[in-house]
Structure formats: structure tokens, C-alpha cells
Amino acid sequence: MRAVVYREPGRVEVADVPDPELEDPSDAIVRVTRSAICGSDLHFFHGKAPLEPGDVIGHEAVGVVERAGSDVSSVTPGQRVVVAFNIACGECWFCRNEQTALCEDFRNLGAGIFGGGLAGTQAELVRVPNADVNLLAVPELVEDEAALFVGDVLTTGLYAAGIAGIRSGDTVAVVGAGPVGYFAIQSARLLDPAAVVAIDLEPDRLALAEKAGAVPLNPTEQNPQTALAERTDGRGADVVIEAVGGPEAFETALKIVRRGGIVVVVGMYTSETYPAQLGVWWARTLDLRFAGVCPIHAWWRRAMAEVEAGRLDPMPLISHRLPLQDAALGYELFESRRATKVLLVP
Ligand SMILES: [Zn+2]
Ligand SMILES: [Zn+2]
């Protein structure tokens, strides 16, 4: 089959690789109809996380079940499914308690040795372990391209807003209007806030956020702290969702939240550090919530239902559809932020 493989830092290419086989009775093989390039693929693309040359990259996909092992009971060949971006066992304590991102046997598709050595989804076929847990059937009325997002960024945004304790009438700020921020905005809007303020440096992202009902705020034009204070009688945002993953964004979140407010950190961190001002945070009664990786399996049915009902809509985010063959161009477009989301069509 054809697949996008990692070659060296900054270079992927499309190559012939062996078709995946069923390796365990709980596996399924999915024929991919759409995959996508995600912000976290860029870490691998740049060699910041280890992939071996020749490893198949990618973790977002929707497709049709091609074959299923003898233990698979929730999906059957021919069925349309979305793939979970992280692969959980479904049986450990964390999985049984809706914390599948903390699974004892946590694995990631297309994430090299630390992801469990599983091949990725930017390919014609992908093997999905524990298919009963890690595949979700796509309802008839939901298109493949919309369902794709339920496997990762849309559900992550819904989760971030869902754990943020948003109450009717709250002023919510979302720092970072990339894909996860975009869906956090849409999801927060469903909870009847007074306003959702989207903070980003990219005009294109702000325009998309505005179309989704957010108030756009570009920090190069307007001071976020002042702007949020003005909207709230000087208090600051009731809830802030930090969807960037960087000390600067974290600091912005701390500056714009009101005393006694809630900060949800959904942006991804690896080795960054930040001085904890314990006395200040304590005195401000700050409620700081680290979202970590989204426990996708606990939230994706809700997410799919919202997509089916038309209350969450991923379609405006898609800027490019490219043949799988042009994946390298897709990485270039996404990396340089000329694309908001690139879909790859095998
Ligand atoms: Zn992703
Ligand atoms: Zn588990």
C-alpha cells in the first residue's frame, strides 16, 4: 500500500510499504478514506519525538472496516468508522474510570517507539488494536470528513470546554484559536456564556473563530488583560482555556483570569518549565486544571452526537484536501500556517 513515511527531520515522503495484517484477534484493519495532518504530527516531522526512517506517520483517520479479528464484536467489515488517536486497552483501572489517556497500556498510532510502535494513519490501510475500544461507528448522516475530527481535535475541544466548569453568563477566553481552540470555542458557545473571546496572532484563525461566534482579539492590536477586564467590570475572564501549550500562552491565561476563576490547560507541554507563584495563586484562589491528553473514548460519543445534531461543525476548518501522494506539500502548508487543516485523500 501507499503511505506517508518519515525520512529525516523536516522530510516525509509517500512510499510503498507492506499492507498491515491482523496481528491479534482484537485487531481490525481499516481502509482509510480520509486522514489529516495534526499539530502533534509536526513534533515527529521535526524529529523532536523519535520516529525511525520509514515509519508511517499520522493518527487521525476515518474509513471503512476492511477486516476484523475474531474477537471484534462492535464493528463489522464494511462499516464506516472513526479511529481514536490514542489506543487504549479498555480494561485497566484508568480505562474503566473514563481516563483512557492515562491507560496502563497507552499507545499512539504513528508515534514511533514511545507510541507503542504502531504504524500511522496517513496510509491506505491502518491496523487498529483493540478495535472494540478504539473504533467508533459513524452515523449514516455524518460525512466522513466531519467524523474524522471526532477521533481527535473536535473531541479534545469539547473535552476542554466540558471540564472548564462554564456557567451560563460566564465570560470565557480561549487562548489559541488553532484546531483545538476552535472546537473549544464552538463547545463553550453551547454552554450559554455571555461571550467567548478568542485570542490569537493569526488573522485567518481569528476570522474562523469569529464566524464560530467568538469575539476575536489579536494581542498585537489589543492588550488581552485590559480587554477582558473591560468586559467584566475589571474582574477578568471567569474561565480561560489555554489551547496553545507554551509558557507565554500560560502566562496570558493567568493574567486574564479573574480571582477565583478557572484555567484549563489543554495545550500540549513536554519539557517546558514555569515558576509557580504559589502565594499569588493561592491568594487569587486560582483553579488550575491540566487537561492532559483527551480521554477520547469517554467523550467521543457525545462529540459525534453534537456533530450529527449540527451543533458542532468542523467543516469550516478544512482549508485543503490533497491526494495522499502530495502529503509533503500538506506538511509544508500546515507547518507554515497557510493551511488551517489539511486532509489527505488516499
Ligand atoms: Zn491529532
Ligand atoms: Zn487501559
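The following paragraphs examine the structure supplied in this document. As the structure is a prediction and not an experimental result, all values here were calculated from the model. (Residues numbered from 1 in each chain as written. Chains lettered and ligands numbered in written order. Predicted model: local features only at pLDDT ≥ 70, side-chain atom pairs only at ≥ 80, totals over all residues. Heavy atoms only, no water.)

1. Side note on the overall build of the protein chain
And step 1. When helices and strands are counted, the protein chain shows twelve helices and 17 strands.
And step 2. Taken over the C-alpha trace, the protein chain has a radius of gyration of 20 Å; the compact-globule value for 346 residues is 20 Å, and the two agree within 12%.
And step 3. Along the first, second and third principal axes, the C-alpha set of the protein chain runs to 60 × 40 × 40 Å.
And step 4. In the protein chain, buried positions account for 55% of the 346 residues.
And step 5. For the protein chain, contacts bridging at least 24 residues in sequence account for 68% of all contacts bridging at least 6. (Helix = DSSP H or I, 4+ residues; strand = E, 2+ residues; numbered from the N terminus. Rg over C-alpha atoms; globule rule 2.2 N^0.38 Å. Buried < 20%, exposed > 50% of the residue type's maximum accessible area, 1.4 Å probe, protein only. Contact = heavy atoms within 4.5 Å.)

2. Focus: the coordination of the zinc ion (ligand 2)
And step 1. C89 (SG), C92 (SG), C95 (SG) and C103 (SG) make up the full set of protein donors to the zinc ion (ligand 2), lying at 2.3 to 2.4 Å.
And step 2. One can describe the donor arrangement at the zinc ion (ligand 2) as tetrahedral, given that its four donor atoms subtend angles of 102 to 116° at the metal.
And step 3. Counting along the primary sequence, the residues that act as donors to the zinc ion (ligand 2) give the motif C-x2-C-x2-C-x7-C. C103 shares its class with C95; the two are buried. (Donors = N, O, S within 2.8 Å, 3.2 Å for Na, K, Ca; no water. Tetrahedral: all angles 85-135°; square planar, octahedral: opposite > 155°, others 65-115°.)

3. Examining the packing of aromatic side chains
By convention here, two paired aromatic rings are described through the distance between centres and the angle between planes.
And step 1. Scanning the model with the defined rule gives seven aromatic pairs in all.
And step 2. Taking the centre distance of 5.1 Å and the plane angle of 85° together, the rings of W93 and F94 count as edge-to-face.
And step 3. Residue class for W93 comes out partly exposed when judged on its relative accessible area of 47%.
And step 4. Overall, F94 belongs to the partly exposed group, its relative accessible area being 25%. (Phe/Tyr/Trp six-rings, centres within 6.5 Å; stacked < 30°, edge-to-face > 60°.)

4. Notes on the pairing of strand β1 (residues 2–8)
And step 1. Two elements, β1 and strand β2 (residues 11–16), share six bridges in a ladder whose sense is antiparallel. Among the inter-strand pairings, E8 is bridged to a residue of β2, identified as R11.
And step 2. Counting the residues that bridge the hairpin from β1 to β2 gives two residues, and of these G10 lies at a positive phi of roughly 85°. (Pairing = 2+ DSSP bridges.)

5. A few points about the packing of helix α5 (residues 153–162) against helix α11 (residues 296–308)
And step 1. Between α5 and α11, whose axes approach to 9 Å, the crossing angle comes to 100°. With respect to each other, α5 and α11 are oriented roughly perpendicular. Residues L154, T155, L158, Y159 and G162 of α5 pack against I296, W299, W300, R302, A303 and V307 of α11.
And step 2. Here the contact of α5 with α11 is built from residues that sort into eight nonpolar, two polar and one charged. (Axes fitted to C-alpha atoms, helices over the stretch in contact; angles between N-to-C directions. Parallel < 35°, antiparallel > 145°, perpendicular 65-115°, else oblique. Nonpolar A, V, L, I, M, F, W, Y, C, P; charged D, E, K, R; others polar.)

6. Focus: the sheet that holds strand β11 (residues 195–199)
And step 1. Pairing in this open sheet of six strands is parallel, and the strands run β12-β11-β10-β13-β14-β15 from one edge to the other. The sheet is open, and its two edges are formed by β12 (215–217) and β15 (287–290), each paired on a single side. On average, each strand axis in the sheet is inclined to that of its neighbour by 20°, with strand direction left out of account.
And step 2. Note: strand β14 (residues 257–265) against β15, four bridges, orientation parallel. Note that in β15 the partner of I262 across the bridge is D287.
And step 3. Sitting on the sheet, helix α8 (residues 224–231) touches β10 (171–175), β11, β12 and β13 (237–242), and the angle it makes with β11 is about 175°.

7. Brief notes about the coordination of the zinc ion (ligand 1)
And step 1. Those donors, C38 (SG), H59 (NE2), E60 (OE) and D152 (OD), are the protein atoms that reach the zinc ion (ligand 1), and they lie 1.7 to 2.3 Å from it.
And step 2. What the four donor atoms of the zinc ion (ligand 1) show is an angle range of 86 to 143° at the metal, which sorts the shape as irregular.
And step 3. All donors of the zinc ion (ligand 1) come from a single chain, and their spacing in sequence reads C-x20-H-E-x91-D. Of this pair, C38 sits in the loop between β3 (28–37) and α1 (39–45) while D152 is found in the loop between α4 (144–147) and α5, placing the two residues 114 residues apart along the sequence.
And step 4. Here C38 falls in the buried class, since its relative accessible area comes to 7%.
And step 5. Taking the relative accessible area as the measure of exposure, D152 reaches 5% and is therefore buried.

8. Considering the pattern of salt bridges
Side-chain pairing between opposite charges can occur once the charged atoms of the two side chains come close.
And step 1. With the rule as written, the count across this model stands at 21 salt bridges.
And step 2. R7 is paired through a salt bridge with E13; the nearest N and O atoms lie 2.6 Å apart.
And step 3. Residue R289 pairs with D287 through a salt bridge whose shortest N-O separation is 2.8 Å.
And step 4. Residue classification places D287 among the partly exposed positions, given a relative accessible area of 27%.
And step 5. Via salt bridges that share partners, R7, E8, R11 and E13 belong to a single interconnected network. (Salt bridge = Lys/Arg side-chain N within 4 Å of Asp/Glu carboxyl O.)

9. Comments concerning α5
Since the α-helix advances by 3.6 residues per turn, residues separated by three or four positions end up pointing in the same direction.
And step 1. With nine of ten residues buried, α5 is to be regarded as a mostly interior element.
And step 2. Regarding α5, the residues found buried are V153, L154, T155, T156, G157, L158, Y159, A160 and A161.
And step 3. Tucked inside the fold, the buried residues of α5 contact β4 (60–68), α6 (179–189), β13, β14 and α11.

Honestly, that's just the spatial picture; any functional story needs more than this.
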